[in-house]
There are 2 protein chains.
Amino acid sequence: MEVTNKYIVIKHHIEGAPKESHFELKTEAFALSVEPGSDDIIVKNLYIAIDPYHINRMKSYSASQNSIIQATQITPGEAIDGSVIGKVVASGNAKFQKDDVVMGRFTWAEYSLVKEESILHKLESSEFPLSYYLGVLGPSGIAAYMGFFKFCRPQNGEKVFVSAASGSVGNLVGQYAKLSGCYVVGCAGSQRKVAFLKEKLGFDDAFNYKEETDLNSTLIRYFPDGIDMYFDNVGGEMLEAAIANMKAFGRVAVCGVISEYTDAGKRASPNMLDIVYKRITIRGFLSVDFANDFADFLAETSDCLRTGKLQVIEDISSGMESIPSAFVGLFNGDNIGKKLVKLSS
Amino acid sequence: MEVTNKYIVIKHHIEGAPKESHFELKTEAFALSVEPGSDDIIVKNLYIAIDPYHINRMKSYSASQNSIIQATQITPGEAIDGSVIGKVVASGNAKFQKDDVVMGRFTWAEYSLVKEESILHKLESSEFPLSYYLGVLGPSGIAAYMGFFKFCRPQNGEKVFVSAASGSVGNLVGQYAKLSGCYVVGCAGSQRKVAFLKEKLGFDDAFNYKEETDLNSTLIRYFPDGIDMYFDNVGGEMLEAAIANMKAFGRVAVCGVISEYTDAGKRASPNMLDIVYKRITIRGFLSVDFANDFADFLAETSDCLRTGKLQVIEDISSGMESIPSAFVGLFNGDNIGKKLVKLSS
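All values derive from a computational prediction rather than experimental measurement. (Residues numbered from 1 in each chain as written. Chains lettered and ligands numbered in written order. Predicted model: local features only at pLDDT ≥ 70, side-chain atom pairs only at ≥ 80, totals over all residues. Heavy atoms only, no water.)

1. Remarks on the packing of aromatic side chains
- Summed over the entire model, instances satisfying the criterion amount to 36 aromatic pairs over all chains.
- Both rings, one in B:Phe207 and one in B:Tyr222, keep their centres 5.0 Å apart while their planes meet at 20°; by these two values the pair is stacked. Placement of B:Phe207 in strand S10 (residues 205–208) and of B:Tyr222 in helix H5 (residues 215–222) is noted, with a sequence separation of 15 residues between them. B:Tyr222 shares its class with B:Phe207; the two are buried.
- Feature note: the residues A:Tyr145, A:Phe148, A:Phe149, A:Tyr176, A:Phe294 and A:Phe297 constitute an aromatic cluster, connected by ring pairs.
- The ring centre of A:Tyr183 lies 5.8 Å from the NZ or CZ of A:Lys159, which sits over that ring. (Phe/Tyr/Trp six-rings, centres within 6.5 Å; stacked < 30°, edge-to-face > 60°. Helix = DSSP H or I, 4+ residues; strand = E, 2+ residues; numbered from the N terminus. Buried < 20%, exposed > 50% of the residue type's maximum accessible area, 1.4 Å probe, protein only. Lys NZ or Arg CZ within 6 Å of the ring centre and 35° of its normal.)

2. With respect to the interface of chain A and chain B
- Facing 44 residues of chain A, the contacting portion of chain B comprises 43 residues.
- Between chain A and chain B, a total of about 3400 Å² is buried, with carbon and sulfur atoms accounting for 56% of that surface.
- Across the chain A-chain B interface, the total number found is 2 salt bridges.
- The salt bridge involving A:Asp289 is made with B:Arg279; its shortest N-O contact spans 2.7 Å.
- For the pair chain A and chain B, the interface holds 10 residue pairs in polar contact (both at pLDDT 80 or more). (Contact = heavy atoms within 4.5 Å. Buried area = accessible area lost by both parts, 1.4 Å probe. Salt bridge = Lys/Arg side-chain N within 4 Å of Asp/Glu carboxyl O. Polar contact = N/O pair within 3.5 Å; in protein donor to acceptor, adjacent residues only side chain to side chain.)

3. Focus: the relation of the copies chain A and chain B
- Here chain A sits on chain B after a turn of 180° about the axis and a move of 0.0 Å along it, with an RMSD of 0.0 Å. Read as a symmetry element, the transformation amounts to a two-fold axis. Identified as the residue of chain A closest to the rotation axis by C-alpha distance is A:Ser269, at 2.2 Å.
- Residue by residue, 98% of the interface of chain A is reproduced at the interface of chain B, so both copies engage with the same surface. (Least-squares fit on C-alpha atoms with pLDDT ≥ 70 in both.)

4. Quick notes on unusual backbone geometry
Residue and element names in this part refer to chain A.
- Located in the positive-phi region is phenylalanine 249, a residue other than glycine, with phi close to 65°.
- One can find phenylalanine 249 in strand S12 (residues 246–254).
- Classification of phenylalanine 249 as partly exposed rests on a relative accessible area of 46%.
- A positive phi angle is found at arginine 279, which is not glycine, with a value near 50°.
- Of note, arginine 279 is situated in the loop between helix H8 (272–277) and strand S13 (281–284).

Below is the structure:
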C-alpha cells in the first residue's frame, strides 16, 4: 500500500532568525510496507517535538566541530530529523511489531522510514499521555533533571535563577527547584508568562526581561544576596549579569543559548575575574550524556507526575502544515512549555 | 630597640598597566619589641612573593563583591599585604618563638607587625630553600596542583594547553602534565621563553603568542585533534581560541586572567554553543580553597622535588627598592618562573 507522505524541509540554509518562508511542505509517494529481507521499520508519526536547537543545524556552517546528532547539519530540500513519537505500521525487524509505540530521531513527516538505531525507546506503558515522552519524560525533562540535580546539586534554601523560565526546560527546572526547597526566580518575555510562572507554577518571583533596561540591576533587585545556581537557556547579556551576581562557589548550567542562536553578535563576555574570585563553575551539557542516570530520572519524574507534584505544560499545534509557524514561534516567544506538533491520535 | 623600616605603597589607585612611578618607598620608625600583654609578633621578612593578582587590588573599584583576601582593596599610602616568608624577631604569642620561620600574609616591608591569624604556616623543616615555600611549595604550587589534578583530572595521553606557561603557575602545570603522561603545549611571550619551555622543562611544544596573528589557527596547528584541558592564566582571545579548539568534555581551569587585569576591554567572548555541544566545564578556583588536600599536595610535591622530577624556576630580585620594577615586570613579561624579592638571608 502506498500513501502520499507530507514532510517539511528548509529551502536553503538559514542565517539569523527563521521565517516561515524558509520552509516548504513537500510530498512524496511512500510505501507502507517493508521490502523483503530488510530490517527497516515504517512509523506513522504521532507527535513531533519542536526545539530551538535545530536552528543551529539549519545554518550554512556547522555549529560545532563535534559530530553529535544535535549539531549535524540539515540539508536543504531533505527531510529534517528530530525527536518524534510514532506507531509502527510495518516492521522487518523482529524487535518491533506493528502497533508498537516508539520514540526516537525520525523525520518531520507523517510517516518515517526508520532504522533500529534511530529508536531510543519502545514505550511499554501507556500510563501517561504519549506527548509526555517528548517533553517532561523525554529530552526536556532529562535536560532539566540532569542539569539541575546532577550538575547544580541544589541544597535546601539555595537561590536559583532560570532564564527562558516558561520554556520546555526552564519551567521544569523551576518546579524541580521548588520541590528541592530552593528559592527560584525566573525570567520570561511577557507579562502573561511572568504571571503564569508565579501563579501557576509557584515560582517565588519572576520578571519580564523585555521591560528591564539594566539586567545587572534587575538581578541585584531579585537576588540581593546573590545567586547560587543559574540555569542558562539564553546566553548573552543575561549570562553576563548572572555571573556578576553569583555567590561564591556558584554553578552555571548551560543548557541552551537561544539569544545567540540567531545572532552571533550577542555573545556573552562574562567577567572572568568574577569566575576566578567567586570560584564559579560553568558547565555545558546535553541530555544524551546521562544514560546511566536515565532510570533514576524516569522513576522520580514519573512519581512526581503521579502525585501531582509536577505540572506538565505543553503547547500543541496540529498538522504538518503548522510546523513552520511552530518553529518560528519559538524565537518569537509564542510558546509556553513544551512546543509539540500533533499529527495523529 | 627601634629600626628604620622600609615599606612599599601605591601613591594612588592604578588603572590600566602599572608603572614604577605609581609606587613609593616609605620609611617609618619601627620597634623590634612587643608591648607587654600584646600577642603581636614581629617578623623580619626574608622573601616577598610578587604576584600579578595584586593589580586588581590596586584599582579604584573592588575587583569582586566577594570579601576574599585576594580581592580586598589596597589603600594608597598604606603598606601592601601579600605572601611573605620571614623570621620571628620578637613574639608576645606563646605559639611563636624568636627565630621561628613563618609564612603568611605580611606587609611588603622589611619588618612586619603580625597577628597570629596572618600566619599560615610555621616552617618546621629546612629541607628545601625557604623561597620554595612561596612558590612550588606555596600558593603557586597549590594552584597548579589543585587546578590540574583536582579539577582537570588528567588521563594519560590527554592533550593539555597552558597559557603564561613560563610563569609561576604555568611552568608547574606543564611539568605536572608531563609527569602525568599528557601531551603539553605552552604559550609564552618571547622566543627565549619558548625555548626554555621546550628545552629545559620538557614541554612537547610551545609558541610565542606575540608572533601569531590568528590564535584559532595557531591552536589548530598545535592541537589538530583538539584540547582536553586548558589551564588558563590569561583570559581574553586565548581563552576564546582554546574553547573553540576543545574536545568534547574538555575542561578549562581558570587560574588567572592577566590579559584582562589591566584592560577590561579584553574580555573573552567564548562561543557558548561550543560550551554546550562539547559539554565543556569552565571552573575558576583559588589556591585557598583546597585546605583538605594540602597535605597530599605537600607530600607529593616534596617527593617530586627530592627525586628531581620537578624543576624549580625562580626569578629573584634583591631589596625593597626592587619591588616596583619586579611588580611592573610581571606585566611586561620580564620574569621566568616565580617572581620573588629577597630581603635578607
